[in-house]
Amino acid sequence: MHIGDILQAKSSQDVVTIAPGAGVRELLASLAEHNIGALIVSADGTSLDGIVSERDVVRHLHSDGTVINNTVDAIMTSVVETCSSGDDLDGVMQTMTERRFRHIPVVDDGTLVGIISIGDVVKHKIGQLTFERDQLDHYVHQT
């Protein structure tokens, strides 16, 4: 199973981005509007400048109470672990678990093509297990 399979199965393949110079208030509004936990930071909507999550906001709020007055580029994670559409799901899942990532951008040939959340991975794994269970159940009761 590859990351591209998960991207195709997602109900929305749109990647919500935010400009590096946008304000944190705009970031919070976008997270709430789209009911998501992270945004890709991109100056042009296709390149990857960073990622910013609810976790980034909370950490900066704790250390610097003025986080709301900052811009996204002041609180984003600029060194971002990525994967590609062709990457094996199990390898990406292991990376997400070990490095404690909840979101990982999908980049093919330098272009942002999607984002995978841990929820996407879990949903896919549950679907896969359900399918296998149903197949085994059908096989056992076939006689």
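These numbers were taken from a predicted model, which means no experiment stands behind them.

### Points about the overall build of the protein
On a plain count of helices and strands, the protein comes out with 6 helices and 5 strands. Seen in sequence order, the protein has helices and strands lined up from the N terminus as α-β-α-β-β-α-α-α-β-β-α. Buried positions account for 30% of the 143 residues belonging to the protein. Put simply, of all contacts in the protein between residues at least 6 apart along the chain, 55% involve residues at least 24 apart. When the accessible surface of the protein is totalled, it reaches about 8700 Å², and 51% of it is carbon and sulfur. For the protein, the distance from the average position of its 10 positive side-chain charges to the average position of its 21 negative side-chain charges is 9 Å.

### A word on the environment of Glu132
Positionally, Glu132 belongs in helix α6 (residues 118–140). The spatial distance from the C-alpha of Glu132 to the C-alpha of Asp90 is 17 Å, given a sequence separation of 42 residues.

### Considerations on the side chain of His124
Along the chain, the position of His124 falls in helix α6. When neighbours within four sequence positions are excluded, His124 is seen to be in contact with Met1, Ile6 and Leu89.

### A word on the pairing of strand β5 (residues 111–117)
Burial runs high along β5: 5 of the 7 residues are buried. With 6 bridges joining them, strand β4 (residues 103–108) and β5 adopt antiparallel strand pairing. In the strand pairing of β5, Val107 is matched with Leu112.

### Some remarks on the packing of helix α5 (residues 89–99) against α6
One way to put it is that α5 packs onto α6 with a least axis distance of 11 Å and a crossing angle of 135°. Taken together, the axes of α5 and α6 lie oblique to each other. Crossing handedness for the pair α5 and α6: left-handed. Residues Leu89, Asp90, Met93 and Met96 of α5 lie in contact with α6, whose contacting residues are Ile118, Val121, His124 and Lys125. Split by residue class, the contact of α5 with α6 holds 5 nonpolar, 1 polar and 2 charged.

### Describing unusual backbone geometry
A positive phi angle, close to 60°, is found at Arg100, a residue other than glycine. Its location among the elements puts Arg100 in the loop between α5 and β4. Relative accessible area serves as the criterion here: at 62%, Arg100 is assigned to the exposed category.

### Topic: the sheet that holds strand β1 (residues 17–18)
An order of β1-β2-β3 is seen for the 3 strands of this open sheet, with the pairing classed as mixed. On the outer flanks of this sheet lie β1 and β3 (50–53), each paired with one strand and no other. In this structure, strand β2 (residues 38–41) lies alongside β3, joined through 4 bridges in antiparallel fashion. Across the sheet, residue Leu39 finds its bridge partner in β3, namely Val52. The strands that helix α2 (residues 24–34) touches are β1, β2 and β3; relative to β2, the one it contacts most, it runs at about 125°.

Conventions we followed
Residues numbered from 1 in each chain as written. Predicted model: local features only at pLDDT ≥ 70, side-chain atom pairs only at ≥ 80, totals over all residues. Heavy atoms only, no water. Helix = DSSP H or I, 4+ residues; strand = E, 2+ residues; numbered from the N terminus. Buried < 20%, exposed > 50% of the residue type's maximum accessible area, 1.4 Å probe, protein only. Contact = heavy atoms within 4.5 Å. Areas by Shrake-Rupley, 256 points an atom, 1.4 Å probe, with all protein chains shown as cover. Lys, Arg positive; Asp, Glu negative; His and termini not counted. Charge placed at Lys NZ, Arg CZ, Asp CG, Glu CD. Pairing = 2+ DSSP bridges. Axes fitted to C-alpha atoms, helices over the stretch in contact; angles between N-to-C directions. Parallel < 35°, antiparallel > 145°, perpendicular 65-115°, else oblique. Left-handed = near helix turned anticlockwise from the far one by under 90°. Nonpolar A, V, L, I, M, F, W, Y, C, P; charged D, E, K, R; others polar.

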